[in-house]
Amino acid sequence: MVLTRKRVLPTAMLDSLSPLIAALRADGYSVIGPTLRDGAIVLAELTSASDLPHGWGVELDAGSYRVRRRDDDAAFGHSSGAQSWKTYLHPAKVPFWTAQKTSDGFTVDVPPPDGIRYAFVGVRPCDLRAIAIQGRVLGSSYAARLESAFIVAVDCTEPGEACFCVTAGGGPACGPGADIQLTETVGPRYLASAQTTIGQAVLDTLPQQPATPAEREQGATAVAQAAERMQRHLPSIDLRDLLSGSRNAARWDEVAQRCLACGNCTMVCPTCFCTSVRDTTDLGGDIAQRWQTWDSCFDLDFSYLHGGPVRTSTSSRYRQWLSHKLGTWHDQFGESGCVGCGRCIVWCPAGIDLTEEVSALAQERQTDHE
Amino acid sequence: MKPKLAVWKFASCDGCQLSLLDCEDELLEIAAHVQIAHFLEASSASVCGPYDISLVEGSVTTPLDVERIRQVRADSKQLITIGACATAGGIQALRNFADVDEFRSIVYARPEFIDTLAESTPIAAVVPVDYELRGCPIDRGQLLETLSALLNGRRPRGPLHSVCFECKTRGTTCVLVKGTPCLGPATQAGCGALCPAYGRGCYGCFGPATGAPAHAKKVFNLFNSGAPS
């Protein structure tokens, strides 16, 4: 995939996604996409388009997630789900090496790449941005996995109640990063365009009609309306400046009264990337392994330096997370670390709402200045 | 000489000792690297101390328990408590919030024969403990990690974070946010998020996560009344 391609307008209309998924599987891709499991829309391997959550939507709130029946058969009539694509591109547990004791020392084996080529079907615009953000943070191993991946992105036509991508610098229309881009329309039928050469090669093999101007108009209108339907917003001020000026805000102690420091927000966040390494040995001490695992700034061990953890209070840990996400991420990587997908709001067991916390910080700062 | 391992039982249900026997695939390897010197649930043959590693199950509930655990401590280089009873008092520590004489008179026909302490306490309340494994029962993987670390002369590694880390790592969708009450966010990880993986809420048998807000303590009274928080 190429990140710099200019958006190509939809050229084709597809009656079904079955041929697309079949073509990708025939090309040797492991096709991953949304599916309904255990009362949630999760990412899993798709064997056919019938695995997609046709006719299912979601009802979201801070700390609350329910699936609901839709009155149509839309496959993408739900917003960002329980997991993000980092499950596949930046897995929770990765083996680094295995060392084995020998008669005259030890050997170290680095496992070869798993060789899985993923095709991601149904990547939302917010997640497309998140994938690119993680790519800029994580470098080569991530880039290798991403390079071999085929991405089918879908414009967002129905934002969830927790979404705020528009005020997080994005929007419901796909930006760069996809190989094929879809817009789901009534039926459901799919406006499609290839954004890359390999995307074009796949699209050319699929049964299709040319997209009519009216169909394109219908798709563009649905996406434009989605932008108007965001229910949550970040304040339109310089957030980097707000966070750097709010180190001593009283709000951190207030949010710490509710925050359980459980780390759910970081685990579901599509850009949070922190990891730890852990070493294991077998009982006999002949084999040692080193693993990379997801970590979180909410883990007390995360800030463990010589002698003990640096951030012992919940308020200091919440402050660290939010300040990095919206503030110092700019200094480190030249952009914000938040794409406005709303997962941290939905999957917080205490229902803490990032947009509300930022607004409260902005309010507190304004009051302090008056 | 292989290190000597002993397993001791106090007020408990035996389930944590069973976790050691449950290490079916690793049992022969364990036996290859340690001498199982005292483990009555597995064998009536017993070798006297001192012991390199003692695993202690159960809480201290009688005057005799106090004497026994002092002897176990004196005989053991490393003492590891296994399970919620040994680590935090167990279900029987619910008595700590009531009058034990009243319980005794209601439950037993001849209460005067019952020689019990007013409180059920963790092992660490009576003798110094080197490591504590939490849970009801303990996690097999944590037990093996601890034994492996001690046999290899390194520090055992246990998570300080919440059960939520383990749900997210294994891809379990949050049951709490979907409407099932769950103590996972305030409970220490280590079980591999077993209950939520089967659609049930965590009932907190591993006790409060380090750094969980103090107000979460009260919800842990079922298995972990004696847990510090």
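Residues numbered from 1 in each chain as written. Chains lettered and ligands numbered in written order. Predicted model: local features only at pLDDT ≥ 70, side-chain atom pairs only at ≥ 80, totals over all residues. Heavy atoms only, no water.

With 42 residues of chain A at the interface, the matching set in chain B holds 32 residues. Contact between chain A and chain B buries roughly 2900 Å² in total, counting both sides, with carbon and sulfur atoms accounting for 57%. For the pair chain A and chain B, the number of links is 14 residue pairs in polar contact (both at pLDDT 80 or more). Among the elements that take part in the side of chain A that touches chain B, strand 13 (residues 275–281) of chain A stands out by supplying six residues, more than any other. (Contact = heavy atoms within 4.5 Å. Buried area = accessible area lost by both parts, 1.4 Å probe. Polar contact = N/O pair within 3.5 Å; in protein donor to acceptor, adjacent residues only side chain to side chain. Helix = DSSP H or I, 4+ residues; strand = E, 2+ residues; numbered from the N terminus.)

The subject of this paragraph is the pairing of strand 3 (residues 51–57) of chain B. Residues and elements named next belong to chain B. In terms of burial, strand 3 is a largely internal element, six of the seven residues being buried. In terms of strand pairing, strand 1 (residues 4–9) meets strand 3 through five bridges, oriented parallel. Each residue of the ladder has a partner; that of Leu5, found in strand 3, is Ile53. Pairing of strand 3 with strand 4 (residues 76–82), which is carried by six bridges, proceeds in the parallel orientation. Paired with Val56 across the two strands is Thr81, which belongs to strand 4. Read from strand 3 through helix 3 (residues 63–75) to strand 4, the crossover connection turns out right-handed. (Buried < 20%, exposed > 50% of the residue type's maximum accessible area, 1.4 Å probe, protein only. Pairing = 2+ DSSP bridges. Right-handed = clockwise from strand over helix to strand, strands pointing away.)

On inspection of all chains with the given rule, the structure shows 25 salt bridges over all chains. Notably, a salt bridge pairs B:Arg73 with B:Asp130, separated by 3.1 Å at the nearest N-O pair. Of the two residues, B:Arg73 sits in helix 3 while B:Asp130 sits in the loop between helix 5 (100–107) and strand 5 (131–133), which places them 57 residues apart along the sequence. Linked by salt bridges that have partners in common, A:Arg68, A:Arg70, A:Asp72 and A:Glu158 make up one network. (Salt bridge = Lys/Arg side-chain N within 4 Å of Asp/Glu carboxyl O.)

All names here are of chain A. Domain parsing of chain A yields domain 1 (12–83 + 114–228) and domain 2 (239–278 + 295–369). Across the boundary between the two partners, domain 1 contributes 24 residues, which contact 22 residues of domain 2. Between domain 1 and domain 2, a total of about 2000 Å² is buried, with carbon and sulfur atoms accounting for 65% of that surface. Considering only the surface of domain 1 that becomes buried against domain 2, Ile133, Val137 and Phe164 emerge as the three largest contributors, covering 28% of it. At the boundary of domain 1 and domain 2, one finds two salt bridges. (Domains from an automatic or database assignment.)

Glancing now at the sheet that holds strand 6 (residues 93–102) of chain A. Residues and elements named next belong to chain A. Read across the sheet, four strands follow the order 7-6-14-13 without closing on themselves; strand pairing throughout is antiparallel. Each edge of the open sheet is held by one strand with a lone partner, namely strand 7 (105–109) and strand 13. Put simply, the sheet's adjacent strands are angled 20° from each other on average, direction ignored. (Axes fitted to C-alpha atoms, helices over the stretch in contact; angles between N-to-C directions.)

Residues and elements named next belong to chain B. Split by domain assignment, chain B resolves into domain 1 (4–151) and domain 2 (163–220). One C-alpha centre belongs to domain 1, the other to domain 2; they are set 25 Å apart. Across the contact, seven residues belong to domain 1 and nine residues belong to domain 2. Summed over both sides, the interface between domain 1 and domain 2 buries roughly 550 Å², with carbon and sulfur atoms accounting for 45% of that surface. For domain 1, the biggest contributors to the area lost against domain 2 are Arg134, Cys136 and Asp139; these three give 71% of the whole. Broken down by class, the residue content of the side of domain 1 that touches domain 2 amounts to three nonpolar, two polar and two charged. (Nonpolar A, V, L, I, M, F, W, Y, C, P; charged D, E, K, R; others polar.)

A word on the packing of aromatic side chains. Residues and elements named next belong to chain A. The full count for this structure, using the stated rule, is 15 aromatic pairs over all chains. Ring geometry for Trp252 versus Tyr318: centroids 6.1 Å apart, planes at 50°, classification tilted. On the criterion of sequence distance, the pair formed by Trp252 in helix 8 (residues 251–256) and Tyr318 in helix 10 (residues 314–333) is long-range, its members being 66 residues apart. As far as burial versus exposure is concerned, Trp252 and Tyr318 are alike and both buried. Judged by centre distance (6.1 Å) and plane angle (55°), the ring pair of Phe298 and Trp321 falls under tilted. (Phe/Tyr/Trp six-rings, centres within 6.5 Å; stacked < 30°, edge-to-face > 60°.)

Turning to the sheet that holds strand 3 of chain B, a few remarks are in order. All names here are of chain B. If you walk across this open sheet you meet the five strands as 2-1-3-4-5, and the pairing is parallel. Each edge of the open sheet is held by one strand with a lone partner, namely strand 2 (35–39) and strand 5. Pairwise comparison of adjacent strand axes, ignoring direction, gives a mean angle of 20° for this sheet. Where strand 1 lies against strand 2, four bridges are found, and the strand directions are parallel. Paired with Leu5 across the two strands is Ile36, which belongs to strand 2. The strands touched by helix 3 within the sheet are strand 1, strand 3 and strand 4, with strand 4 carrying the most contacts at an inclination of about 130°.

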